[in-house]
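Read off the chains here:
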2 protein chains.
Amino acid sequence: MKTAPKTRDIVNVNTRERILNAAEVLFAEHGFERASLRALTAEAGVNLAAVNYHFGSKAGLIRAVFERRLAPLNAERLNELAALERAARGGPLPPERIIEAFFGPVLRMSMDRRPAARGGSTQRDRGAGSGHRFIRLLGRAHTESRQAMRELLEAEYVEVVERFKAALTRALPQVPEKELAWRMHFTLGAMSYVIAGTDAVQLSASYEVRQSEHPESVMKRIVPFLVAGLTAPLPEAGERGAGANAPANGRRDDRNAERKAA
Amino acid sequence: MKTAPKTRDIVNVNTRERILNAAEVLFAEHGFERASLRALTAEAGVNLAAVNYHFGSKAGLIRAVFERRLAPLNAERLNELAALERAARGGPLPPERIIEAFFGPVLRMSMDRRPAARGGSTQRDRGAGSGHRFIRLLGRAHTESRQAMRELLEAEYVEVVERFKAALTRALPQVPEKELAWRMHFTLGAMSYVIAGTDAVQLSASYEVRQSEHPESVMKRIVPFLVAGLTAPLPEAGERGAGANAPANGRRDDRNAERKAA
DNA sequence: GTCTATAATTGGATAGAC
DNA sequence: GTCTATCCAATTATAGAC
């Protein structure tokens, strides 16, 4: 609000945000390398030099794109978890609720498919819209090997991961720590795959699985799957020999309560 | 074998394979865009122009890298499944075995960490070694948006997915088709996350989870998790309203046998 | 089949006027 | 803050000698 904006009247957004929005679109569509600043500024309807003015470099722009989104997303996760813990008054939480608190925010974001608000054009760019673009971008970032990218993601995630890990540890005392670490790993994998969704790896899934589902519907499917996995019978104590010849130990549902198995 | 190879004596590999090996290394490390043909041919110890001679273009090289690996990998999966089905003589397979047949080959490949055989140098480049490099590359390919890449992967995967889907459908008759499609999706996600492993998304997992494990050990952990998920109690019939207020339906282990729920 | 040299493009970044 | 014009580095791809 320094001086009156250039031409547009009311609903226009400033150059900085126009760039961030266009970057989100084009990075998600073509990757960080192939999306050129030229294409990007054209999409945003701003001048080429504006990127360097506002973000210093292309790398700075990439960083800004992630910071804008990840902070509120993870804050929401922590809020939901904190609300659950308040309601539980110190008791352990049902694992279902923990999963929902972690996955809900990102799932809802990934299914927010408002049209792209492309072109240099104007009104209703509000808040950059359509979170699923950012989610695709996030999936892309996970396979990035750049040092800076990894550090960025790690910094944004470390707190939520620790908090949710603690909550799950209390919720599932019968699962040894190391086993739980792996099961969280599997859980995160299933979640990531779902939100990566549409054009990433869907090919390997069956073709009936489409993103036309509502978030609640997906949640209703994935929660029982993950809770069953998290509370599954523990593998036998011996670390070795679960090869293809091990007996199919079927569907027992006993929960051994040993902690820290080997 | 047309004329005697340039200088090296016995164990040298031809230019074509040297390029493929170097491409696998550098594409996995830096991505398809950032790994230049210059860096790549330097790594391989071959001339820059050789890439275009042997593969037509950089895109052609990328295609060749994937084709060399995916075909045998998926053939192995189909072989293992076929062996199981022969042994079962027409009966349904235990889901544990199906998961192992699908995941075993890629898991073993991902944990094959023979050193990179880098540099222009020579002997023991055999078969390109260390499959985990290719696995990382595969993870990267999944987030690629290029049309050609998607078609390539889809073509390589369609048969295995169909065959394994059929096997799981027979193994889990109590799970409705659509539900099973989702559960396969979750399953593939957990698997992908594990093999993407080391530097991809490990940050979000807990730091105790390391790739130092043996394939059998990982398999022993993931199989019970996935089988429990695949055989989990079905969500209630109504499609709506599994929001954060649904009752925590805990750990029943009843399996409703309805097929095709809404 | 392999090499050198170079063409043809495209990219990120910046200087300096406004 | 925005713009034009331009620099400079790096890329893929190819032509043509060997």
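My aim in this report is to walk through the structure given alongside it, one point at a time. (Residues numbered from 1 in each chain as written. Chains lettered and ligands numbered in written order. Predicted model: local features only at pLDDT ≥ 70, side-chain atom pairs only at ≥ 80, totals over all residues. Heavy atoms only, no water.)

### Let's talk about the overall build of chain A
Thinking step 1. Summing up its helical and strand segments, chain A has nine helices and zero strands in all.
Thinking step 2. Element order for chain A, N to C, with α for helix and β for strand: α-α-α-α-α-α-α-α-α.
Thinking step 3. Per-residue burial over chain A gives 52% buried out of 262 residues.
Thinking step 4. Long-range pairs, those at least 24 residues apart, make up 74% of the contacts in chain A between residues at least 6 apart in sequence.
Thinking step 5. Surface summary for chain A: the accessible area is close to 11,800 Å², and the carbon and sulfur share equals 55%. (Helix = DSSP H or I, 4+ residues; strand = E, 2+ residues; numbered from the N terminus. Buried < 20%, exposed > 50% of the residue type's maximum accessible area, 1.4 Å probe, protein only. Contact = heavy atoms within 4.5 Å. Areas by Shrake-Rupley, 256 points an atom, 1.4 Å probe, with all protein chains shown as cover.)

### Focus: the packing of aromatic side chains
Thinking step 1. This model, assessed by the stated rule, comprises 12 aromatic pairs over all chains.
Thinking step 2. Here the basic side chain of R77 of chain A rests over the ring of F102 of chain A, its NZ or CZ set 4.1 Å away from the ring centre. (Phe/Tyr/Trp six-rings, centres within 6.5 Å; stacked < 30°, edge-to-face > 60°. Lys NZ or Arg CZ within 6 Å of the ring centre and 35° of its normal.)

### Considering helix 8 (residues 177–196) of chain B
Thinking step 1. For helix 8 of chain B, which comprises 20 residues, the first-to-last C-alpha distance of 28 Å matches the rise-based estimate of 28 Å (1.5 Å per residue) to within 8%.
Thinking step 2. When you tally the buried positions in helix 8 of chain B, you get 17 out of 20 residues, the bulk of the element. (Expected span 1.5 Å × (residues − 1).)

### What about the protein's contact with DNA strand D?
Thinking step 1. Close to DNA strand D lie 16 residues, the nearest being T15, N47 and H54 of chain A together with R38 and K58 of chain B.
Thinking step 2. Among the atoms of DNA strand D close to the protein, meaning within 4 Å, 56% are from sugar or phosphate groups.
Thinking step 3. Contact distances for DNA strand D include 2.7 Å between a phosphate oxygen and a side-chain N or O atom of T15 of chain A.
Thinking step 4. A distance of 3.2 Å separates a phosphate oxygen of DNA strand D from a polar side-chain atom of N47 of chain A. (Near = heavy atom within 4 Å. Polar contact = N/O pair within 3.5 Å; in protein donor to acceptor, adjacent residues only side chain to side chain.)

### Considering the nonpolar core
Thinking step 1. Among the nonpolar cores identified, the biggest contains 144 residues, and L61 and F66 of chain A together with L61 and F66 of chain B are the most heavily contacted of them.
Thinking step 2. With residues up to four places along the chain from it excluded, the contact list for L61 of chain B reads I19, L20, A23, F27, L37, L40, V51 and F55 of chain B. (Core = buried A, V, L, I, M, F, W, Y, C linked by side-chain atoms within 4.5 Å.)

### A look at unusual backbone geometry
Residue and element names in this part refer to chain A.
Thinking step 1. Look at R89: it is not a glycine, yet its phi comes out positive at around 50°.
Thinking step 2. Note on placement: R89 falls in the loop between helix 4 (58–88) and helix 5 (95–110).
Thinking step 3. Overall, the relative accessible area of 76% leaves R89 in the exposed class.

### Considerations on the packing of helix 4 of chain A against helix 5 of chain A
Residue and element names in this part refer to chain A.
Thinking step 1. It is the contact of helix 4 with helix 5, at a shortest axis distance of 9 Å, that shows an interaxial angle of 150°. When the interaxial angle is binned, helix 4 and helix 5 end up roughly antiparallel. Seen along the crossing, helix 4 lies across helix 5 with a hand that is right-handed. Where helix 4 approaches helix 5, its residues R69, L73, E76, R77, E80, L81 and L84 are matched on the opposing element by R97, I98, E100, A101, F102, P105, V106, R108 and M109. (Axes fitted to C-alpha atoms, helices over the stretch in contact; angles between N-to-C directions. Parallel < 35°, antiparallel > 145°, perpendicular 65-115°, else oblique. Left-handed = near helix turned anticlockwise from the far one by under 90°.)

### Quick look at the side chain of S110 of chain A
Thinking step 1. Within the secondary structure, S110 of chain A sits in helix 5.
Thinking step 2. Residue contacts for S110 of chain A: discarding those within four places in its chain leaves H132, I135 and I195 of chain A.

### Section: the pattern of salt bridges
Thinking step 1. According to the stated counting rule, one finds 21 salt bridges over all chains in the structure shown.
Thinking step 2. The shortest N-O distance in the salt bridge between R34 of chain B and E33 of chain A comes to 3.8 Å. Residue R34 of chain B is located in helix 1 (residues 15–34), and its partner E33 of chain A is located in helix 1 (residues 15–34); the two belong to separate chains.
Thinking step 3. Here E85 of chain A ties to R163 of chain A by a salt bridge, and the two come within 3.6 Å at their closest N and O atoms. Of this pair, E85 of chain A sits in helix 4 while R163 of chain A sits in helix 7 (residues 147–171); the two residues are 78 residues apart in sequence, bridging distant segments of the chain.
Thinking step 4. For E85 of chain A, a relative accessible area of 28% puts it in the partly exposed group.
Thinking step 5. R163 of chain A gets classed as partly exposed once you look at its relative accessible area, which sits at 29%.
Thinking step 6. Overlapping salt bridges, with partners in common, bring together E24, R68, R69 and R133 of chain A in one network. (Salt bridge = Lys/Arg side-chain N within 4 Å of Asp/Glu carboxyl O.)

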